[in-house]
Amino acid sequence: MSQDNTKLLHHIGAGAGFLGLILWGYLADRFGLFTLLKQFFPESHSGAAVMLGIMLVMTPGFFIWKYYNRWLEKRLAIKGRYYEDDFYKQDSDKLK
């Protein structure tokens, strides 16, 4: 597979993953998770409740996104370094 095809497939795959994130958030809204959370907060703090709901709902979505993206890059044989790998490697080296 040529480099140009690999880049194009990666962009398409990343776009599909991003659409998956959008769908994840949309489904959470459609199921009423944000409205449910707002019921536990006073009316004056409803915006904060929605923001908390977005953070809680999107955290697993981004976790899935991370592993989907790594799977896609492995599948397309894209080489590179992940920032968090180096960051956490330094922490584990300090513990030794």
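As the structure is a prediction and not an experimental result, all values here were calculated from the model. (Residues numbered from 1 in each chain as written. Predicted model: local features only at pLDDT ≥ 70, side-chain atom pairs only at ≥ 80, totals over all residues. Heavy atoms only, no water.)

Right, let's get into a nonpolar patch on the surface. On the surface, Leu23, Tyr26, Leu27, Phe31, Leu33, Leu36 and Phe40 cluster together into a nonpolar patch covering about 780 Å² of accessible area. Counting only elements with at least two residues in the nonpolar patch, the list comes to helix 1 (3-30) and helix 2 (33-38). Positionally, Phe31 belongs in the loop between helix 1 and helix 2. (Patch = residues over 30% accessible without salt bridge, like charges linked within 9 Å, V, L, I, M, F, W, Y side chains within 5 Å. Areas by Shrake-Rupley, 256 points an atom, 1.4 Å probe, with all protein chains shown as cover. Salt bridge = Lys/Arg side-chain N within 4 Å of Asp/Glu carboxyl O. Helix = DSSP H or I, 4+ residues; strand = E, 2+ residues; numbered from the N terminus.)

A separate point is the nonpolar core. Counting 5 residues, the largest nonpolar core consists of Leu21, Ala28, Phe34, Val57 and Met58. Those elements that place two or more of their residues in this core are helix 1 and helix 3 (46-75). Sequence-distant contacts of Leu21, defined by excluding residues within four places in its chain, comprise Met58, Gly61, Phe62 and Trp65. (Core = buried A, V, L, I, M, F, W, Y, C linked by side-chain atoms within 4.5 Å. Buried < 20%, exposed > 50% of the residue type's maximum accessible area, 1.4 Å probe, protein only. Contact = heavy atoms within 4.5 Å.)

This next bit is on unusual backbone geometry. Positive phi, close to 55 degrees, is recorded for Ala77, a residue that is not glycine. Looking at the element boundaries, Ala77 is found in the loop between helix 3 and helix 4 (83-95). Among the residues examined, Ala77 registers a relative accessible area of 52% and is labelled exposed.

According to the stated counting rule, one finds 3 aromatic pairs in the structure shown. Where Phe63 meets Tyr67, the ring centres are 5.0 Å apart and the plane angle is 70 degrees; that geometry is what we call edge-to-face. Taken together, the residues Phe63 and Tyr67, both in helix 3 and 4 residues apart, mark about one turn of the helix. Given a relative accessible area of 44%, Tyr67 falls into the partly exposed group. Clustering of aromatic rings is evident, with ring pairs tying together Trp65, Tyr68 and Trp71. (Phe/Tyr/Trp six-rings, centres within 6.5 Å; stacked < 30°, edge-to-face > 60°.)

This part covers helix 3. Working note: α-helix, 3.6 residues per turn, so residues spaced by three or four point in the same direction. Its 30 residues give helix 3 an end-to-end C-alpha distance of 43 Å, which sits within 8% of 44 Å, the value for a rise of 1.5 Å per residue. Along its length, helix 3 reaches its greatest deviation from straightness, about 30 degrees, at Met58, and the proline Pro60 lies no more than four positions downstream. Buried residues of helix 3: Ser46, Ala49, Gly53, Val57, Met58, Gly61, Asn69, Leu72 and Glu73, and no others. Backbone geometry just after helix 3 places Ala77 at a positive phi near 55 degrees. (Expected span 1.5 Å × (residues − 1). Bend = angle between axes of the 7 residues up to and from the residue.)

By themselves, these figures tell us nothing about what the structure is for.
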